[in-house]
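Next come the chains, spelled out residue by residue.
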Amino acid sequence: DGSEEPRALLRASEAQREELERRAGELWQMLESTAERLRVCEVEADDATLSRDLAEARLAAYREELDEAHGALEATVRDRTSKLTQEVEALKQQLADSRAALARCQDVGANVGLGAGQCCAQSQS
């Protein structure tokens, strides 16, 4: 029968069409799955970028805070050093003045016949 061959071709063609539709459905699912993974990756990338930006902002703030603290520490050290230097200079001057007074007292005491301790005791009273 000659009609059998076209029917076989029609069945084969129908089977191919069904296979192609099945394959197209699978590819469509793969495409949707890939698109969803891409959206997730984009969100994760945005989150990572935001996290990095926040970390960089925090780091900049910490650096600024550290610079301010460093500047304040340097100012405190300079001020304290200056005050200590002034105190040392004042103490040196007091020492020089005391030595000069002691020398004068010893000179005066020697002229009047007193010991240095007696002269200084009298000059303090």
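Overview of the structure.

Brief notes about the overall build of the protein
Secondary structure assignment for the protein yields two helices and zero strands. Within the span of the protein, comprising 125 residues, buried residues form 3% of the whole. Total accessible area computed for the protein in this model is approximately 10800 Å², and 58% of it derives from carbon and sulfur atoms.

Describing the pattern of salt bridges
Taken as a whole and assessed by the stated rule, the structure comprises 10 salt bridges. Between Glu4 and Arg11 there is a salt bridge, with the nearest N and O atoms lying 3.6 Å from each other. Taking relative accessible area as the criterion, Glu4 reaches 39% and is therefore assigned partly exposed. With its nearest N and O atoms 2.8 Å apart, the salt bridge here joins Arg39 to Glu36. Placement of the pair is Arg39 and Glu36 together in helix α1 (residues 4-112), with a separation of three residues, close to one helical turn. Accessibility expressed as a relative area gives 45% for Arg39, which makes it partly exposed. Note on Glu36: relative accessible area 39%, which makes it partly exposed. Several salt bridges share partner residues, and in doing so they unite Glu19, Arg22, Arg23 and Glu26 into one network.

As for a negative patch on the surface
Side chains of Glu42, Glu44, Asp46 and Asp47 sit close together on the surface and give a patch of like negative charge. By the secondary structure assignment, Asp46 is in helix α1.

Thresholds applied
- Residues numbered from 1 in each chain as written.
- Predicted model: local features only at pLDDT ≥ 70, side-chain atom pairs only at ≥ 80, totals over all residues.
- Heavy atoms only, no water.
- Helix = DSSP H or I, 4+ residues; strand = E, 2+ residues; numbered from the N terminus.
- Buried < 20%, exposed > 50% of the residue type's maximum accessible area, 1.4 Å probe, protein only.
- Areas by Shrake-Rupley, 256 points an atom, 1.4 Å probe, with all protein chains shown as cover.
- Salt bridge = Lys/Arg side-chain N within 4 Å of Asp/Glu carboxyl O.
- Patch = residues over 30% accessible without salt bridge, like charges linked within 9 Å, V, L, I, M, F, W, Y side chains within 5 Å.
- Lys, Arg positive; Asp, Glu negative; His and termini not counted.
- Charge placed at Lys NZ, Arg CZ, Asp CG, Glu CD.

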